[in-house]
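Coordinate inspection notes
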Amino acid sequence: MELSRFETAIDEIALDVFTTFEEARDDWEALFADAPASAYQSFGFARDWFETFGRARRLEPMIVVARHAAGARPLALLGLGVSRLGPLRIAQFLGGKESNFNLGLFATDARLDAAAIRALLRRAARAADVDLYRLGNQPQAFEGVGNPLALPGAAPSPSFAYGTTVPATLSALDARFSSDARKKLRKKQARLEKMGALVFEHRAEGARGREILEVLLAQKAARLQDASFDNGAMRDFVLGLCGGALETHALTLDGRIIATYAGFTHRGRFSAMLNSFATEDEIARSSPGDLLLHSLLRDLVARGVGRFDLGVGEARYKNAVCDETIALVDSVIPATPLGALATPILAALTRAKRALKQNPRLFASLTRLRRRVR
């Protein structure tokens, strides 16, 4: 098979390593408009995450852009941040645990094999003084296209992601769920309706959208006993995300918001990022979050949105609506002798974390312990 110029003359490829977002904006937005990607790879998401979480963690931007020649259109872009772990300088995807899918942006004609990717990573590492790459939560393919960064030897990520194809009609959506499941939801909705007027709100905008996000943060803080949702980086990130592009949905009872969902719609896919619900027993036992989720799915059908995902992490409600378990992989790629020494240790930590998360009893115990510590 004939190789592309990118594969046959990798050393001739121009490589920029930017340390500010504005330097990379045009390349980033050009590739994002065309490359297989999720909403988490958008310029706005990465920039806003860095300005809140990244700066607080003293990360340095490392935005790698490859092109056929200096000044030519971009072929690939990796949005990374560099952190320190002792003497190590580690490059990771921007977005942290707030990003459910991690991907590079690759032009459709950038035919990169594993050797070419590794060569580009080595060159970028030399330019940014990086010892190793720790690239986590990567789908092996996205939108039907293989992920060039899911290199041979990558290990399974600690958790799966969950997704589904959204049916084209409401009748097909209803058929997804058993008659018993639908009956239980109707009973729960009827129970709430006896307590007051129940209203589903979808795609709230402006001041109402912000109000829903404020409630979401407060409900998350209360349920998880986690003050980070009340103030600091998490609050600033959610309320400022992408200039208000975060889509908001809510369920209200007599005007009070009792459940929320927030996420992005990008290229026919809705990615749920955050959700919450009121914790009082009389409300929580009627599963307002489940009711809102099913109403959200119906709204997606009406809009013609074809894909839906609930992100990374195991949970009962995800299995109830998603019929796809999306395997993710982590790659630890050394770039210096020091990085090579640390690689097996970091890889072992990933394996241990996966073993813990895939053991329901151990993971439940850890979750309870975390809540007690908070």
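All residue numbers refer to position in the chain's written sequence, counted from 1. Totals for whole chains, interfaces and linings use every residue, but because this is a predicted model, local features are given only for residues with pLDDT of at least 70 and side-chain atom pairs only at 80 or more, for both listing and counting. To obtain the side-chain values, all non-hydrogen atoms of the structure were used and water was disregarded.

1. Details of the overall build of the protein
Filter applied, for reference: By the criteria applied, helices consist of DSSP H or I runs no shorter than four residues and strands consist of E runs no shorter than two, each listed in order from the N terminus. The globule rule used for comparison is 2.2 Å times the number of residues to the exponent 0.38, while the radius of gyration itself is calculated over C-alpha atoms. Each residue is placed in one exposure class: buried if its accessible area under a 1.4 Å probe, protein chains only, is under 20% of its type's maximum, exposed if it is over 50%, and partly exposed if it falls in between. Residue contacts are defined here by distance: any two heavy atoms, one from each residue, within 4.5 Å place the two residues in contact. The charge count treats Lys and Arg as positive and Asp and Glu as negative. His and the chain ends do not count. Here the site of a charge means NZ on Lys, CZ on Arg, CG on Asp, or CD on Glu.
Counting its regular elements, the protein contains 13 helices and 17 strands. Relative to the 2.2 N^0.38 estimate, which gives 21 Å for 374 residues, the radius of gyration of the protein is 22 Å and therefore close to what a compact globule would have. For the protein, the spread of C-alpha atoms along the three principal axes comes to 70 × 45 × 35 Å. Counting the 374 residues in the protein, one finds 50% classified as buried. For the protein, restricting intrachain contacts to residue pairs at least 6 apart in sequence, the fraction spanning at least 24 positions comes to 73%. Computing the positive centroid from 51 side-chain charges and the negative centroid from 42, the protein places the two 8 Å apart.

2. Here we look at the nonpolar core
Formally: Think of a nonpolar core as a cluster: buried Ala, Val, Leu, Ile, Met, Phe, Trp, Tyr and Cys residues, connected wherever their side-chain atoms sit within 4.5 Å.
Within the largest apolar cluster, 48 residues are counted, with the highest numbers of intra-cluster contacts made by Trp28 and Met273. Elements represented by at least two residues in this core include exactly helix 2 (21–32), helix 3 (43–56), strand 2 (60–67), strand 3 (74–85), helix 7 (206–224), helix 8 (233–240), strand 13 (256–266) and strand 14 (269–277). For this core, the leading source of residues is helix 3, giving 6 residues. Apart from residues lying up to four places away in sequence, Met273 is in contact with Tyr40, Phe45, Glu98, Asn100, Phe237, Leu241, Leu246, Ala262, Gly263 and Phe264.

3. What about the packing of helix 3 against helix 8?
Using the following cut-off: Each axis is a line fitted through C-alpha atoms, and for a helix only the stretch in contact is used; angles between axes span 0 to 180 degrees, taken between their N-to-C directions. When an angle is under 35 degrees it counts as roughly parallel; over 145 it counts as roughly antiparallel; between 65 and 115 it counts as roughly perpendicular; any other value is oblique. Handedness of a crossing is defined here by the sense of rotation of the near helix relative to the far one, left-handed for an anticlockwise turn of less than a right angle and right-handed for a clockwise turn.
Two elements in contact, helix 3 and helix 8, have axes separated by 9 Å at closest approach and are oriented at 155°. The angle between helix 3 and helix 8 places the two elements in the roughly antiparallel class. As for the relative orientation of helix 3 and helix 8, their crossing is right-handed in sense. Contacts from Phe45, Asp48, Trp49, Thr52 and Phe53 of helix 3 reach helix 8 at Ala233, Met234, Asp236, Phe237 and Gly240.

4. Description of the packing of helix 6 (residues 179–193) against helix 10 (residues 288–303)
For any two helices packed against each other, the geometry is given by the interaxial angle and the distance between the axes. Heads up, the rule is: Residues were grouped as follows: Ala, Val, Leu, Ile, Met, Phe, Trp, Tyr, Cys and Pro as nonpolar; Asp, Glu, Lys and Arg as charged; and all remaining residues, including Gly, as polar.
Contact pair helix 6 / helix 10: the axes reach a minimum separation of 10 Å and the direction vectors enclose 115°. Considering their axes alone, helix 6 and helix 10 lie roughly perpendicular with respect to each other. Here helix 6 runs over helix 10; the crossing is left-handed. Of the residues in helix 10, those touching helix 6 at Leu185, Lys188, Gln189 and Leu192 are Pro288, Asp290, Leu291 and His294. Here the contact of helix 6 with helix 10 is composed, by residue class, of 4 nonpolar, 2 polar and 2 charged.

5. With respect to helix 8
Residues of helix 8 that are buried: Met234, Phe237, Val238 and Leu239. In this structure, the buried side of helix 8 is in contact with helix 3, helix 7 and strand 14. Looking one or two residues beyond helix 8, the residue adopting positive phi is Cys242, at roughly 50°.

6. As for the pattern of salt bridges
Put simply, the test is: Every case where a carboxyl oxygen of Asp or Glu lies within 4 Å of a side-chain nitrogen of Lys or Arg is listed as a salt bridge.
One pass over the structure, following the stated rule, counts 23 salt bridges. Among the salt bridges present, the one from Glu60 reaches Arg89, with a minimum N-O distance of 3.1 Å. Linking Glu60 in strand 2 with Arg89 in strand 4 (residues 88–93), this pair joins segments that are 29 residues apart in sequence. You can call Arg89 buried: its relative accessible area is 8%. Among the salt bridges present, the one from Glu143 reaches Arg267, with a minimum N-O distance of 3.3 Å. With Glu143 in the loop between strand 7 (141–142) and strand 8 (145–146) and Arg267 in the loop between strand 13 and strand 14, the pair connects residues that are 124 residues apart, well separated along the chain. Overall, the relative accessible area of 37% leaves Glu143 in the partly exposed class. Connected through shared salt-bridge partners, Arg203, Glu247, Asp299 and Arg303 make up one network.

7. Notes on helix 4 (residues 114–128)
Put simply, the test is: The span expected for a helix works out to 1.5 Å for each residue beyond the first.
Between its first and last C-alpha atoms helix 4 spans 21 Å; for 15 residues at 1.5 Å apiece the expected length is 21 Å, and the two agree. Trailing helix 4 by a residue or two, Asp129 shows a phi angle of about 55°, which is positive.

8. Points about unusual backbone geometry
The residue Asp129 is not glycine, and still its phi comes out positive at about 55°. One can find Asp129 in the loop between helix 4 and strand 6 (132–139). We classify Asp129 as exposed; its relative accessible area is 51%. Phi is positive for Arg203, close to 55°, though the residue is something other than glycine.

9. Some remarks on the confidence of the model for the protein
Cut-off, in case you're wondering: On a scale of 0 to 100, pLDDT captures the predictor's confidence in every residue.
A residue-level look at the protein finds 93% of positions with pLDDT of 70 or above and a mean pLDDT of 91. Within the model, pLDDT remains below 50 along residues 1–8, and this stretch shows 16 contacts once partners closer than five positions in the same chain are excluded.

10. Describing the sheet that holds strand 13
Filter applied, for reference: Two strands qualify as a pair provided that DSSP identifies no fewer than 2 bridges between them.
Pairing within the open sheet is mixed, and its 7 strands lie in the order 11-12-13-14-15-10-16. In this open sheet, the two strands that pair with only one neighbour each are strand 11 (198–204) and strand 16 (324–326). Here the strands of the sheet are splayed against their neighbours by 25° on average, with no regard to which way each runs. Relative to strand 15 (residues 307–312), strand 10 (residues 161–165) runs antiparallel, the two being bridged by 5 bridges. Bridge pairing in strand 15 links Gly163 to Asp309. Packed on one face of the sheet, helix 6 meets strand 11, strand 12 (247–253) and strand 13 and runs near 105° to strand 11.

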